[in-house]
Amino acid sequence: MKFIDEFRDGELARGLAAAIGQAARGGRDYHFMEFCGGHTHAIARYGVSDLLPDNVRLIHGPGCPVCVLPIGRIDMAIRLAVDVGVTLCSYGDPLRVPASGGLSLFKAKARLGSGRGAGGNIRMLYSAADALALAQQQPDRQVVFFAIGFETTTPPTALLIKQARALALTNFSVLCCHVLTPSAIASILESPEVRRWGTVPLDGFIGPAHVSTIIGTRPYEFFAEEYRKPVVIAGFEPLDVMHAILMLIEQVNSGRAQVENEFSRAVSRDGNRKAQQLVSEVFELRRSFAWRGLGELPYSALRIRREFAAFDAERRFAVAYQPVDDHPACECGAVLRGVKRPQECRIFGSVCTPENPVGSCMVSSEGACAAHYTFGRFADAAVAP
């Protein structure tokens, strides 16, 4: 299959591994953060870390949209269904994220029952368009779409809101929790752990693929210029990631800090202008938004513009965000900041598993803990003393 099999070729992978081994200079370490959860999953699934020399280390970043959603936002969705009585529509992964009081959206759904009566309901969807169709099919019920994700999933939500207005729907709205990649990268670079260069000597970033198809490579240029950190945009296949690592090492060795595009078959410097225009028409920046593990970040998320206020669930139902502390034993926040690895959490793989997640990083396949549990924990056991 074109652009798939070519990027999973074992012989080419061995050649890239040899080139990385030659490029990585002895006597110094290289630390690169793969921002996107899709990269984290690919690295774990294909054993990319096992092909790297010991002085090249990959650090997991906060690029999993389910993982960075704070408990208080899940609580808002639950309150809309349980207290307000709406039909809340969500993708599958957010349903399993632990919320306050031992609840999750799945557990709240079980308490609500079938949703055939006058009370609220929680529905799992595969497409955002299904929420709009449900609102059309059930005009007597208020339907709320729980919209999460980075820049990749924001244009479909914007289109959904425009379609709802065109259809003059009065029973459809969106609980908007869309967040922005550049703000998270800036937070990582400004964090005390990175700035003191003791805990995380970060040398560069493997930039996200799908996000960059929307926003392009231009937004990352600030980080290369201001922080002197190279960024290489990479696809999700194992050879994409390995090629990006080689490109980062070559930049570090030559003292360069630039934005390079390994994923040129899908990403351009300017990105998708039509998608950007659509998002700008429907959304505006929030002044502040809480991220799990990163805290309150200024201008790091989107909200629905006043022109589309009728489709904003936060405004329509006056549901407010209330901060909630993470589980005290969970290290999900530290994993998202890149200062701890999943296996360094004391409840990883024992109390916290994909079947019984304590933190959000164990829920989504893009979460670092879930990826390591699925593909890496047996390797840990093999090398344990």
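Preceding this section is the structure that the text describes.
Conventions and cut-offs
- Residues numbered from 1 in each chain as written.
- Predicted model: local features only at pLDDT ≥ 70, side-chain atom pairs only at ≥ 80, totals over all residues.
- Heavy atoms only, no water.
- Buried < 20%, exposed > 50% of the residue type's maximum accessible area, 1.4 Å probe, protein only.
- Helix = DSSP H or I, 4+ residues; strand = E, 2+ residues; numbered from the N terminus.
- Right-handed = clockwise from strand over helix to strand, strands pointing away.
- Pairing = 2+ DSSP bridges.
- Disulfide = S-S within 2.5 Å.
- Patch = residues over 30% accessible without salt bridge, like charges linked within 9 Å, V, L, I, M, F, W, Y side chains within 5 Å.
- Areas by Shrake-Rupley, 256 points an atom, 1.4 Å probe, with all protein chains shown as cover.
- Salt bridge = Lys/Arg side-chain N within 4 Å of Asp/Glu carboxyl O.
- Lys, Arg positive; Asp, Glu negative; His and termini not counted.
- Charge placed at Lys NZ, Arg CZ, Asp CG, Glu CD.
- Core = buried A, V, L, I, M, F, W, Y, C linked by side-chain atoms within 4.5 Å.
- Contact = heavy atoms within 4.5 Å.
- 1 Å grid on protein atoms, 1.4 Å probe; cavity = no way out; pocket = protein on both sides within 12 Å on 5 of 7 lines; lining within 4 Å.
- Points joined across faces, edges and corners; volume = space filled by probe spheres on them.
- Nonpolar A, V, L, I, M, F, W, Y, C, P; charged D, E, K, R; others polar.
- Phe/Tyr/Trp six-rings, centres within 6.5 Å; stacked < 30°, edge-to-face > 60°.
- Lys NZ or Arg CZ within 6 Å of the ring centre and 35° of its normal.

Trainee: Where do I start with the pairing of strand β1 (residues 30-36) in this structure?
Mentor: The two faces of the sheet receive side chains in turn, since in a regular strand these alternate between them. Counting buried positions over the seven residues of β1 gives seven, a clear majority of the element. Read from β1 through helix α2 (residues 37-46) to strand β2 (residues 56-63), the crossover connection turns out right-handed. As paired elements, β1 and strand β7 (residues 204-207) share three bridges and run parallel to each other. Paired with Glu34 across the strands is Ile206, a residue of β7.

Trainee: Honestly, the state of the cysteines in this entry has me stumped. Any pointers?
Mentor: Put plainly, two cysteines are in a disulfide when a covalent bond ties their sulfur atoms together. The full count for this structure, using the stated rule, is one disulfide. What pairs with Cys332 in a disulfide is Cys361, and their sulfur atoms sit 2.4 Å apart. On the sign convention where negative means left-handed, the S-S torsion of about 85° between Cys332 and Cys361 marks this disulfide as right-handed. Of this pair, Cys332 sits in helix α15 (residues 332-337) while Cys361 sits in the loop between α15 and α16 (368-375), and the two are 29 residues apart along the sequence. With relative accessibility at 2%, the residue Cys361 sits in the buried group.

Trainee: Is there a simple way to explain a negative patch on the surface in this structure?
Mentor: A grouping of Asp5, Glu6, Asp9 and Glu11 is seen on the molecular surface, where their side chains present a negatively charged patch. With respect to the secondary-structure elements, Asp5 resides in the segment before α1 (10-23).

Trainee: So what exactly am I meant to see when it comes to the nonpolar core here?
Mentor: If you look at soluble globular proteins, the nonpolar side chains tend to sit buried side by side. Core analysis: the largest hydrophobic core is formed by 72 residues, its most contacted members being Leu80, Leu88, Leu105, Phe146, Leu175 and Trp291. Ranked by residues supplied to this core, first place goes to helix α4 (residues 71-84) with six residues. Not counting residues within four places of it along the chain, the set of residues in contact with Phe146 comprises Leu69, Arg73, Ile74, Ala77, Leu88, Cys89, Ser90, Pro94, Leu105, Leu175 and Cys177.

Trainee: It is not clear to me how empty space enclosed by the protein should be interpreted in this structure. Could you clarify?
Mentor: What the rule picks out here adds up to two cavities of 30 Å³ or more. In this structure, the largest cavity encloses a volume near 70 Å³. Partitioning the lining of the largest cavity into residue classes produces eight nonpolar, one polar and one charged. By volume, the second largest cavity is sized at about 40 Å³. Lining the second largest cavity we find Gly37, Thr40, His60, Gly61, Cys64, Cys67, Val335, Leu336, Cys361, Glu366, Gly367 and Ala368. Mapped onto the lining of the second largest cavity, the elements with two or more residues apiece are α2, β2 and α15. Of the residues that constitute the lining of the second largest cavity, the class distribution is six nonpolar, five polar and one charged.

Trainee: What is the right way to look at the packing of aromatic side chains in this model?
Mentor: Each aromatic ring pair is described using two quantities: the centre-to-centre distance and the angle formed by the ring planes. Taken as a whole and judged by the stated rule, the model has eight aromatic pairs. Ring geometry for Phe150 and Trp291: centres 6.0 Å apart, planes at 55°, overall tilted. A residue pair is termed long-range when its members are at least 10 positions apart, and Phe150 in the loop between β5 (143-149) and α7 (154-166) and Trp291 in strand β11 (residues 288-291) qualify at 141 residues. We classify Phe150 as buried; its relative accessible area is 6%. A centroid spacing of 5.6 Å and a plane angle of 75° characterise the contact between Phe222 and Phe223, whose relative ring orientation is edge-to-face. Here Phe222 falls in the partly exposed class, since its relative accessible area comes to 43%. When its relative accessible area of 3% is taken as the criterion, Phe223 is described as buried. Members of the aromatic cluster, connected to one another through ring pairs, are Phe35, Phe150 and Trp291. Positioned over the ring face of Tyr30 is Arg28, at 4.5 Å from the centre of the ring. We note Arg265 situated over the ring of Phe7; from NZ or CZ to the ring centre the distance is 3.9 Å.

Trainee: Can you walk me through a nonpolar patch on the surface in this structure?
Mentor: The grouping of Phe106, Met124 and Tyr126 at the surface amounts to a nonpolar patch, some 370 Å² of accessible area in total. Position of Tyr126 relative to the elements: it lies in the loop between β4 (121-124) and α6 (128-137).

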